[in-house]
Amino acid sequence: MFLPIYLQRVMGLSPSNAGLSLVVFMVALNTSAGFAGQVLGRVRHYKLLPMGALLISIGTVATLGWRADTMTPLSFEFMLILIGAGFGPLPSLTAVAMQNMVARHQLGISVGTMNFSRNLYATMLIAVFGAIVLAGTVVGQPLDSALQTGISATAFGWVFFVAAASMSIALIAIVLMEEKPLQTGAELDAQ
């Protein structure tokens, strides 16, 4: 949500170029998700893959926060590739891990709860990110003029640090999660 605003207000890109620069992020995200799906189909122990991927994303987002004011378009694109490659596998891998942990008759409840929790947390994070970005604007200034006058790279740096902290919480949750070997279809039918 805030990457296009960062690209426009801090790096000075046009709205079209800001949108186009996010294409590499989406390509890396979807490619790594597909690759993780292929790997997941071949292993029975799955925790190391999302932990490693999340470590890549955390390190990259923290670096982005640290260098928010000195980022060049090329280095930013490289960072987006790493973030996409690291974060891409997580939604599907965590869904498979969660489905592997619950009884078969609770799959619907668990998937619904997981999706609701993800959406709720994402909504709260977007509100926090917006509050951080707008904290540096003049009080009482209309939102459109606040965005036009520019937002400091420091505010976006804090947004990236908060995103890295949020991902760190997810990493802790994955580390603490019990790893059960993935069940095959025959094992599920036997239950």
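Note that the structure is a prediction, hence the values are computed from the model and not measured. (Residues numbered from 1 in each chain as written. Predicted model: local features only at pLDDT ≥ 70, side-chain atom pairs only at ≥ 80, totals over all residues. Heavy atoms only, no water.)

Peer 1: Explanation requested: the overall build of the chain in the structure shown.
Peer 2: Of regular secondary structure, the chain possesses 10 helices and zero strands. Put simply, the chain runs from its N terminus to its C terminus through helices and strands in the order α-α-α-α-α-α-α-α-α-α. When the 191 residues of the chain are sorted by exposure, 35% land in the buried category. Residue pairs at least 24 apart in sequence account for 77% of intrachain contacts in the chain once pairs closer than 6 positions are excluded. (Helix = DSSP H or I, 4+ residues; strand = E, 2+ residues; numbered from the N terminus. Buried < 20%, exposed > 50% of the residue type's maximum accessible area, 1.4 Å probe, protein only. Contact = heavy atoms within 4.5 Å.)

Peer 1: Could you clarify how one ought to interpret the environment of Gln-8 in this entry?
Peer 2: In this fold, Gln-8 is placed in helix H1 (residues 3–9). When the C-alpha positions of Gln-8 and Gly-19 are compared, they lie 9.5 Å apart, and in sequence the two are 11 residues distant. Those residues in contact with Gln-8 that sit more than four places away from it in its chain are Leu-13, Ser-14, Pro-15 and Ala-18.

Peer 1: Sorry, what's going on with a nonpolar patch on the surface here?
Peer 2: Among the surface-exposed residues, Phe-116, Leu-120, Tyr-121, Met-124 and Ile-169 lie close enough to one another that they form a single nonpolar patch of about 520 Å² accessible area. Of the residues forming the nonpolar patch, the biggest block, four residues, is contributed by helix H7 (residues 107–134). Along the chain, the position of Tyr-121 falls in helix H7. (Patch = residues over 30% accessible without salt bridge, like charges linked within 9 Å, V, L, I, M, F, W, Y side chains within 5 Å. Areas by Shrake-Rupley, 256 points an atom, 1.4 Å probe, with all protein chains shown as cover. Salt bridge = Lys/Arg side-chain N within 4 Å of Asp/Glu carboxyl O.)

Peer 1: I'm lost on helix H4 (residues 48–66) in this one. Help?
Peer 2: Because the α-helix completes a turn every 3.6 residues, residues three or four places apart line up on one side. For H4, built from 19 residues, the straight-helix expectation of 27 Å at 1.5 Å per residue is met to within 8% by its first-to-last C-alpha distance of 27 Å. Turning to H4, its buried residues are Pro-50, Met-51, Ala-53, Leu-54, Ser-57, Ile-58, Thr-60, Val-61, Leu-64 and Gly-65. Looking at the buried side of H4, the elements it contacts are helix H5 (73–87), helix H6 (90–101) and helix H9 (153–176). (Expected span 1.5 Å × (residues − 1).)

Peer 1: Even after reading the chapter, I still don't get the nonpolar core, so can you show me in this structure?
Peer 2: The tendency in soluble globular proteins is for nonpolar side chains to be buried side by side. Judged by nonpolar contacts, the single largest core of 34 residues is most densely connected at Tyr-6, Phe-76 and Phe-160. Those elements that provide at least two residues to this core are H1, helix H3 (23–40), H4, H5, H7 and H9. Ranked by residues supplied to this core, first place goes to H9 with nine residues. Every residue in contact with Phe-160, bar those within four places of it in the chain, is listed here: Leu-3, Tyr-6, Val-61, Leu-64, Gly-65 and Ala-68. Residues Ala-36, Tyr-46, Ala-97 and Leu-182 belong to the second largest nonpolar core, which totals six residues. (Core = buried A, V, L, I, M, F, W, Y, C linked by side-chain atoms within 4.5 Å.)

Peer 1: Is there a simple way to explain the packing of H3 against H5 in this structure?
Peer 2: Axes are the key here: two packed helices are described by the angle between their axes and the distance separating the axes. Following both chains from N to C, one finds H3 and H5 inclined at 25°, their axes separated by 7 Å at the closest point. Considering their axes alone, H3 and H5 lie roughly parallel with respect to each other. Relative to H5, the crossing made by H3 is right-handed. From H3, Val-24, Phe-25, Ala-28, Leu-29 and Ser-32 reach across to H5, where they touch Glu-77, Leu-80, Ile-81, Ile-83, Gly-84, Ala-85 and Phe-87. Across the contact of H3 with H5, the residue classes break down as nine nonpolar, two polar and one charged. (Axes fitted to C-alpha atoms, helices over the stretch in contact; angles between N-to-C directions. Parallel < 35°, antiparallel > 145°, perpendicular 65-115°, else oblique. Left-handed = near helix turned anticlockwise from the far one by under 90°. Nonpolar A, V, L, I, M, F, W, Y, C, P; charged D, E, K, R; others polar.)

Peer 1: Got a minute to help me understand H5 in this structure?
Peer 2: Taking 1.5 Å as the rise per residue, H5 with 15 residues should run 21 Å; its terminal C-alpha atoms sit 21 Å apart, in good agreement. Those residues of H5 that fall on the buried side of the exposure criterion are Ser-75, Phe-76, Glu-77, Met-79, Leu-80, Ile-83, Gly-84 and Gly-86. Structurally, H5 contributes buried residues whose contacts are with H1, helix H2 (15–21), H3, H4 and H6.

Peer 1: In this structure, what is going on with the confidence of the model for the chain? I would like to understand it.
Peer 2: When pLDDT drops low, the exact placement of atoms in the prediction is not to be read closely. Averaged over the chain, the pLDDT score is 86; the fraction of residues at 70 or greater is 88%. At the low end of the mean pLDDT range in the chain sits helix H10 (residues 185–190), at 57; at the high end sits H5, at 93. (pLDDT = per-residue confidence, 0-100.)

Peer 1: Please clarify how the environment of Gly-130 should be interpreted in this entry.
Peer 2: Locating Gly-130 in the fold gives a position in helix H7. With 129 residues separating them along the chain, Gly-130 and Met-1 place their C-alpha atoms 9.5 Å apart.

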